[in-house]
Amino acid sequence: MVDSSMGYDVIVAGLGGMGSSAAYHLARRGRRVLGLERFGAAHDLGSSHGGSRITRQAYFEHPDYVPMILRSYELWEQLQRDSGRDLLTITGGLFMGPAGSLTVDGTRRTAERWNLPHEMLDAQAIRRRFPQFRPADDDVALFERLVGVLRPEAAVEANLALAGRHGAELHFHEPVEAWTEAGGRVTVRTANGTYEADQLVICPGAWAPQLLPDLGVPLVVERQVQFWFQPTSHTPEMPIFIWEDPSGTQVYGFPPIDGEIKVAFFRGGDQTTPDTIDRGIRDEEVERIAGYLSTRVPHIPGTFLRAKTCMYTNTPDTHFVIARHPGHERVTVACGFSGHGFKFVPVVGEILADLALGGATDHPIALFDPRRALATGP
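Residues numbered from 1 in each chain as written. Predicted model: local features only at pLDDT ≥ 70, side-chain atom pairs only at ≥ 80, totals over all residues. Heavy atoms only, no water.

Caption draft 1: Local environment of the state of the cysteines. Scanning all chains against the criterion turns up zero disulfides. Not engaged in a disulfide, the cysteine Cys335 finds its nearest cysteine sulfur in Cys203; these two sulfurs lie 8.9 Å apart. (Disulfide = S-S within 2.5 Å.)

Have a look at this one:
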C-alpha cells in the first residue's frame with residue numbers, strides 16, 4: 001500500500017467515469033494517488049449511470065475523435081481482462097434520418113475518412129433487414145457493425161477496484177470544497193481535511209462550474225431523462241439506434257437487456273445545476289417519448305417501467321475539455337463531455353495520466369483545448 005504520510009503524487013477530484021479511469025491509470029504507473037468523491041462508488045447522481053451507454057466508431061460529432069475511440073476500444077478490452085468483468089457487448093448500430101442529416105451524413109463522412117466498415121441502407125432496406133423500425137420513405141441509414149453497449153456502473157467499479165489494487169487511496173462521501181496551487185504544490189480542502197500533492201486532476205462532471213470557475217469555458221448543465229419500457233413483442237437482432245427527424249431531434253435506444261429497452265432523447269433538456277436538478281419524472285415526459293416512438297418503433301412503448309434523470313455538462317460547441325488548466329500548471333482538467341463522453345472513459349484516463357505526469361500526450365487532443373474558439377454547434 002502507498003504510505004500517505006509522504007504525501008501524494010496526484011490527487012484526483014471526482015471518481016465517476018473519467019476520474020475512476022484516471023486514478024487507475026495513475027496508480028498502475030506507480031504513483032501515489034488520492035481519489036476524492038462526493039458520493040459513493042458508482043453512484044446514480046451524476047452522469048455515469050443508467051446501466052448502458054453506446055460506443056461507436058464512425059463518429060458524427062467530428063472525425064477527429066476516431067483515433068481516440070479506436071484506442072478506447074483497445075482499452076475497454078484490456079479493462080475487461082484486467083478486471084474480469086463483462087463491460088462491452090457488440091450489437092451493431094443503426095444511424096437513421098433524412099439524407100443530409102448530421103446523424104447520417106456525419107457518420108458516413110467519418111466512416112469514409114477513416115475507412116471504417118459500414119453499410120448504407122435506404123428505407124426499404126431498413127424495413128426488410130430491421131422490421132422493428134418504421135422509417136419514412138425518405139429516411140436512410142448507416143449500419144455499423146462494431147457499435148456496442150457499455151455498462152457504466154460496472155466500468156466505474158472495475159476502474160476503482162484496479163486503482164485500489166495498485167495502491168490508490170480512495171475516499172468516498174468526501175467532496176472537494178476548494179483547491180489552490182502555490183509553491184510548487186497543490187492543496188485540496190474537503191470537510192474532512194486538507195491534502196497536498198504534486199499534481200491535481202479534476203474530473204468534476206456536472207460540478208465543473210463550481211470547481212473550475214476560471215477555466216474560461218462557459219459550461220451549461222442540462223437535465224436528461226432515461227426511460228425503460230417493456231416491449232410488446234420479441235425483438236430479434238435489434239441493434240442500437242440513433243434516429244434524427246427532419247427537425248433535428250435525435251432519439252436513441254438499445255436492444256433489450258433482461259427484457260427491457262432503454263430509450264432517451266439526445267439533448268434538448270432543461271438547464272439545471274447538480275444541486276437543484278428536478279429528479280422527479282413527469283407524466284408528460286413519459287407520454288412524449290412513448291408517443292414519439294409509437295410510430296417509429298411501435299413495439300417499444302409497450303409498458304413503461306421506470307425512468308431516471310442524469311446530467312449533460314455541455315460546452316458551447318459540444319466538444320470536450322481535456323487539458324492542463326490554462327492558468328495552473330499543476331492542474332489537469334477533464335470536463336464538458338456534452339452527453340457523449342462515456343465511451344472514451346479508458347482513453348481519457350490514459351490521457352489524463354500523461355498530462356499530469358508529463359505535461360503532454362501523444363493522443364490528438366487539440367480539439368479539446370479550453371482556449372479554442374468556441375463556436376456553437378458540433
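Having put the structure on the table, let's press on.
Caption draft 2: Here's a closer look at unusual backbone geometry. One non-glycine residue, His173, lies in positive phi territory at about 55°. Within the secondary structure layout, His173 lies in the loop between β9 (169-171) and β10 (176-182). Even without glycine at this site, Ser338 takes up a positive phi of about 55°. Overall, the relative accessible area of 1% leaves Ser338 in the buried class. (Helix = DSSP H or I, 4+ residues; strand = E, 2+ residues; numbered from the N terminus. Buried < 20%, exposed > 50% of the residue type's maximum accessible area, 1.4 Å probe, protein only.)

Caption draft 3: Representation of the nonpolar core in the model. Membership of the largest hydrophobic core comes to 66 residues, with the highest contact counts inside it found for Trp76, Val201, Ile322 and Phe344. Of all the elements in the fold, those that place two or more residues in this core are β1 (8-13), α1 (17-28), α2 (66-83), β8 (148-150), α5 (152-165), β14 (240-244), β16 (261-266) and α8 (345-358). If you tally residues by element for this core, the top one is α8, at eight residues. Excluding residues within four positions of it along the chain, Val201 makes contact with Val10, Ile11, Val12, Ala13, Ala22, Leu26, Thr332, Leu352 and Ala356. The next biggest cluster of nonpolar side chains, apart from the first, holds 27 residues, and it includes Ala141, Val225, Phe229 and Val297. (Core = buried A, V, L, I, M, F, W, Y, C linked by side-chain atoms within 4.5 Å. Contact = heavy atoms within 4.5 Å.)

Caption draft 4: Molecular detail of the packing of aromatic side chains. Tallying each qualifying case throughout the model produces 18 aromatic pairs. Consider the rings of Phe320 and Phe337, whose centres lie 4.7 Å apart with planes at 50°: the pair is tilted. Taken together, the residues Phe320 in the loop between β18 (303-314) and β19 (321-324) and Phe337 in the loop between β20 (331-335) and α8 connect sequence positions 17 residues apart. When its relative accessible area of 0% is taken as the criterion, Phe320 is described as buried. For Phe337, a relative accessible area of 13% translates into the label buried. The structure contains a cluster of three or more aromatic residues connected by ring pairs, namely Tyr59, Tyr65, Phe320, Phe337, Phe344 and Phe368. In this structure, Arg288 packs its charged tip against the face of Phe265, placed 3.9 Å from the ring centre. The positively charged end of Arg296 is found above the aromatic ring belonging to Tyr292, 3.7 Å away from the centroid. (Phe/Tyr/Trp six-rings, centres within 6.5 Å; stacked < 30°, edge-to-face > 60°. Lys NZ or Arg CZ within 6 Å of the ring centre and 35° of its normal.)

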